[in-house]
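Summary of structural features
Now for the letters of each chain:
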Amino acid sequence: MAAYKDLTKEELLELKSGLQAQFEEVKARGLKLDMSRGKPAAAQLNLSMEMMNILNSGTDLVCEDGVDCRNYGGLDGIAEAKQLLADMMEVPKDNVIVFGNSSLNVMYDTVARAMTHGIMGSTPWCKLDKVKFLCPVPGYDRHFAITEHFGIEMINVPMTATGPDMDLVEKLVSEDPAIKGIWCVPKYSNPQGITYSDETVYRFANLKPAAEDFRIFWDNAYCVHHLYEDKQDYLLEILMECKKAGNQDMVYKFSSTSKISFPGSGIAAIAASDANLADIRNMMKVQTIGHDKVNQLRHVRFFKDIHGIVEHMKKHADIMRPKFETVINTLERELGGLEIGSWIAPRGGYFISFDAMEGCAKAIVAKAKEAGLVMTGAGATFPYGKDPKDSNIRIAPSYPTPEELAVAAEIFVLSVKLVSIDKLLKNL
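Since this is a predicted model, take the numbers as computed values, not measurements.

1. A short note on the overall build of the chain
- When helices and strands are tallied, the chain shows 14 helices and 13 strands.
- A globule of 428 residues ought to have a C-alpha radius of gyration of about 22 Å, and the chain, at 23 Å, matches this closely.
- Along the longest, intermediate and shortest principal axes, the C-alpha atoms of the chain span 75 × 55 × 35 Å.
- Out of the 428 residues belonging to the chain, those deemed buried represent 55%.
- Looking at the chain, you have 48 positive and 57 negative side-chain charges, and the mean spots of the two groups are 3 Å apart.

As structure tokens, this is what we get:
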């Protein structure tokens, strides 16, 4: 098939008529499909069901170091859970604090502490005239929601094939003391599936921020979420790189087991320098006496160690891989060569990022909804929900069954074709 832009008005109208008939056919089926968020499917959740049998009323709930998990205490989390998440995050155990089920919650609290009390003795952000954050785009909508919630001004930084545009990051951070942080999903990024290159990580670690309380919010959510055993991205470890550069206090690293065990009841952690952790503990001790140690113990007894997590994630990959391939193959088969969209085939993570023709994303998402397919709102991958080009769409293949996904992918490409034809006809 020739590129759509090379077709005459008559050819486009003829094509539209055939596609519209197909679309009406699908619409008449009254489907209800959800490809909106990166929720694990039931088959993935089932992989962890044995965890429910690990602890019972006859189980010894005392940790290796003698802590009774039923009781108060343990601000940092139990030693075994710290070790498990430290190994997953590739950092020393002593640089980790284990929290509750959600790393998003940890990130929210980290921003909240900076707002109300400042970071390591610096002026609380709420007392400053202006606080700004850098936001690599397209990016994670829930990150942007946190900074928007606190009234922090967000500045778009374009993503490249190797991570954020570091020339721009270095320039902005070094010139403006109001810039206090940057959001990062460094491995299999949300939504593009890009992993930051060694050079990008090195440049992050060697930033020279104008603000002494500038922090890199390094959300390594997909650190073990590979799709392939033989094609895996490698990410340089940021905490060690910052230490080497004499910037050990510049990064907060976040991770969780949300999409490894149960999203609603996993365990999350922050990794940071000794000074950062002392600062965090100082405020945490007012907030809590400790998080759910029984759940931490449950995770440790189920996974045992990092090798247990790695083996478990291979089972996740076996469920996820065919879903990603269904979407990618449909995009390549149906849209390849038409020049009405581009996409990246990731090696891990939870999303596929699709870039439509400029000005088409909202219309494509609306069109798909007409046929019963709910997708992430267009614009969600940008601060304030405003994609300046209205072109990026996040595809989340994890939740639907393989059968549903095949239909969802067909609805999506039909929607892309119809909206693109309308756009081209309008421009003729």
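2. Focus: the pattern of salt bridges
- Applying the stated criterion to the full structure yields 26 salt bridges.
- Its salt-bridge partner being Glu-334, residue Arg-333 comes within 3.2 Å of it at the nearest N-O pair.
- In this structure Arg-333 comes out as exposed when scored by relative accessible area, which is 51%.
- The exposure class of Glu-334 is partly exposed, given its relative accessible area of 23%.
- One salt-bridge network, held together by shared partners, links Asp-167, Glu-170, Glu-199 and Arg-203.

3. Points about the packing of helix H7 (residues 166-175) against helix H8 (residues 198-205)
- Running from N to C, H7 and H8 point in directions that differ by 5 degrees, and their axes come no closer than 11 Å. Comparing the axis directions of H7 and H8 gives the class roughly parallel. Contacts from Met-166, Asp-167, Val-169 and Glu-170 of H7 reach H8 at Thr-200, Arg-203 and Phe-204.
- By residue class, the composition of the contact of H7 with H8 is three nonpolar, one polar and three charged.

4. A closer look at the domain arrangement of the chain
- Examined at the domain level, the chain breaks down into domain 1 (2-42 + 309-425) and domain 2 (61-303).
- Centre-to-centre, using C-alpha coordinates, domain 1 lies 31 Å away from domain 2.
- Opposite the 30 residues of domain 1 that make contact, domain 2 presents 36 residues.
- Its largest share of buried area at the contact with domain 2, domain 1 owes to Ile-309, Arg-347 and Tyr-384, together 25% of the area lost on that side.
- Remark: the boundary between domain 1 and domain 2 carries four salt bridges.
- Counting across the interface, domain 1 meets domain 2 through 13 residue pairs in polar contact (both at pLDDT 80 or more).
- Secondary structure elements with two or more residues in the side of domain 1 that touches domain 2: helix H12 (306-335), strand E11 (352-356) and strand E13 (392-395).
- For the side of domain 1 that touches domain 2, a count of residues per class yields 16 nonpolar, eight polar and six charged.

5. Some words on the nonpolar core
- The biggest cluster of nonpolar side chains holds 56 residues, and the ones touching the most others in it are Val-169, Phe-204, Phe-214, Ile-216, Trp-218 and Ile-309.
- Element by element, the count of residues in this core is highest for helix H4 (residues 79-89), at six residues.
- Excluding its chain neighbours within four sequence positions, the residues that come into contact with Ile-216 are Ile-182, Cys-184, Phe-204, Leu-207, Met-250, Val-251 and Tyr-252.
- Grouped together as the second largest cluster of nonpolar side chains are 52 residues, Leu-227, Val-327, Ile-393 and Val-413 included.

6. As for the side chain of Lys-187
- Along the chain, Lys-187 falls in the loop between strand E6 (179-184) and H8.
- Apart from residues lying up to four places away in sequence, Lys-187 is in contact with Ile-194, Thr-195, Asn-220, Tyr-222, Cys-223, His-226, Asp-233 and Leu-235.

7. Some points on H8
- Among the residues of H8, those classed as buried are Thr-200, Val-201, Arg-203, Phe-204 and Ala-205.
- Check the buried side of H8 and you find it contacts strand E5 (163-164), H7, E6, strand E7 (215-219) and helix H9 (238-244).

8. Observations regarding the side chain of Glu-237
- Here Glu-237 lies in the loop between E7 and H9.
- Within the structure, the side chain of Glu-237 is placed 2.7 Å from the backbone nitrogen of Met-240, a separation counted as a polar contact.
- Each residue touching Glu-237, except ones within four places of it in the same chain, is listed here: Met-89, Glu-90, Val-91 and Lys-253.

9. Details of the environment of Lys-171
- Note that Lys-171 resides in helix H7.
- As for Lys-171 and Leu-207, which are separated by 36 residues in sequence, their C-alpha atoms are 9.5 Å apart.

10. Here we look at the sheet that holds E5
- Ordered in space as E2-E9-E8-E7-E6-E3-E4-E5, the eight strands form an open sheet in which the pairing is mixed. Looking at which strands have only one partner, the edges of the open sheet turn out to be strand E2 (96-98) and E5.
- The sheet contact formed by strand E8 (residues 251-256) and strand E9 (residues 268-271) spans four bridges and is antiparallel. The residue of E9 that forms the bridge with Ser-255 is Ala-269.

11. Describing the packing of aromatic side chains
- In this structure the tally under the stated criterion is 16 aromatic pairs.
- Both rings, one in Tyr-196 and one in Trp-218, keep their centres 5.5 Å apart while their planes meet at 85 degrees; by these two values the pair is edge-to-face. Taken together, the residues Tyr-196 in the loop between E6 and H8 and Trp-218 in strand E7 connect sequence positions 22 residues apart.
- On the basis of relative accessible area, Trp-218 is assigned to the buried category, the value being 0%.
- Among the aromatic residues, those joined into a ring-pair cluster are Trp-125, Phe-133, Trp-183, Phe-217, Tyr-252 and Phe-254.
- The ring of Tyr-350 carries Lys-259 above its face, with NZ or CZ at 4.3 Å from the centroid.
- The ring of Phe-23 carries the charged tip of Lys-367 above its face, separated from the ring centre by 4.7 Å.

12. Topic: the pairing of E11
- Most of E11 is tucked away, with four of its five residues classed as buried.
- Relative to E11, strand E10 (residues 341-343) runs antiparallel, the two being bridged by three bridges. Across the sheet, residue Gly-341 finds its bridge partner in E11, namely Ala-356.
- Relative to E13, E11 runs antiparallel, the two being bridged by four bridges. Bridged to Asp-355 within E13 is Asn-392.

Conventions we followed
- The numbers attached to residues start from 1 for each chain and follow its sequence in the written order.
- Residue-level local features of this predicted model are given only where pLDDT is at least 70; pairs of side-chain atoms are given and counted only at 80 or more, and the full residue set underlies all totals for whole chains, interfaces and linings.
- Side-chain figures throughout are based on the complete set of non-hydrogen atoms in the structure, without hydrogens or water.
- Secondary structure elements follow DSSP: runs of H or I of four or more residues count as helices, runs of E of two or more count as strands, with numbering from the N terminus.
- Two things to know: the radius of gyration comes from C-alpha atoms, and the globule rule equals 2.2 Å times the number of residues to the power 0.38.
- Note on classification: 1.4 Å probe, protein chains only; a residue is buried when its accessible area is under 20% of the maximum for its type, exposed when over 50%, partly exposed between these limits.
- Counting rule applied: Lys, Arg positive; Asp, Glu negative; His and chain ends not counted.
- Charged groups are reduced to one reference atom each: NZ for lysine, CZ for arginine, CG for aspartic acid, CD for glutamic acid.
- Salt bridges are defined by distance alone: a side-chain nitrogen of Lys or Arg within 4 Å of a carboxyl oxygen of Asp or Glu.
- Comment: axis = line fitted to C-alpha atoms, over the contacting stretch for helices; angle = value between 0 and 180 degrees taken between N-to-C directions.
- Our angle categories are set so that under 35 degrees counts as roughly parallel, over 145 as roughly antiparallel, 65 to 115 as roughly perpendicular, and the remainder as oblique.
- Here, two residues are considered to be in contact whenever any of their heavy atoms come within 4.5 Å of each other.
- When residue character is reported, Ala, Val, Leu, Ile, Met, Phe, Trp, Tyr, Cys and Pro are called nonpolar, Asp, Glu, Lys and Arg charged, and the others, Gly included, polar.
- The start and end points of each domain follow an automatic or database-based domain assignment.
- Defined in terms of a 1.4 Å probe, buried area is the accessible area two parts forfeit on being brought together, summed over both.
- Distance and chemistry together define a polar contact, namely a pair of N or O atoms within 3.5 Å, with one atom able to donate a hydrogen and the other to accept it when in protein, and with adjacent residues in sequence counting only for side-chain atoms on both sides.
- Remark: nonpolar core denotes a set of buried residues (Ala, Val, Leu, Ile, Met, Phe, Trp, Tyr, Cys) joined through side-chain atoms within 4.5 Å.
- DSSP calls a pair of strands paired once it identifies at least 2 bridges connecting them.
- Here a pair means two rings of Phe, Tyr or Trp (six-membered ring of Trp) with centres within 6.5 Å. Their orientation is stacked below 30 degrees between planes, edge-to-face above 60, and tilted elsewhere.
- Consider the ring centre and the ring normal. A charge sits over the ring if Lys NZ or Arg CZ is within 6 Å of that centre and within 35 degrees of that normal.

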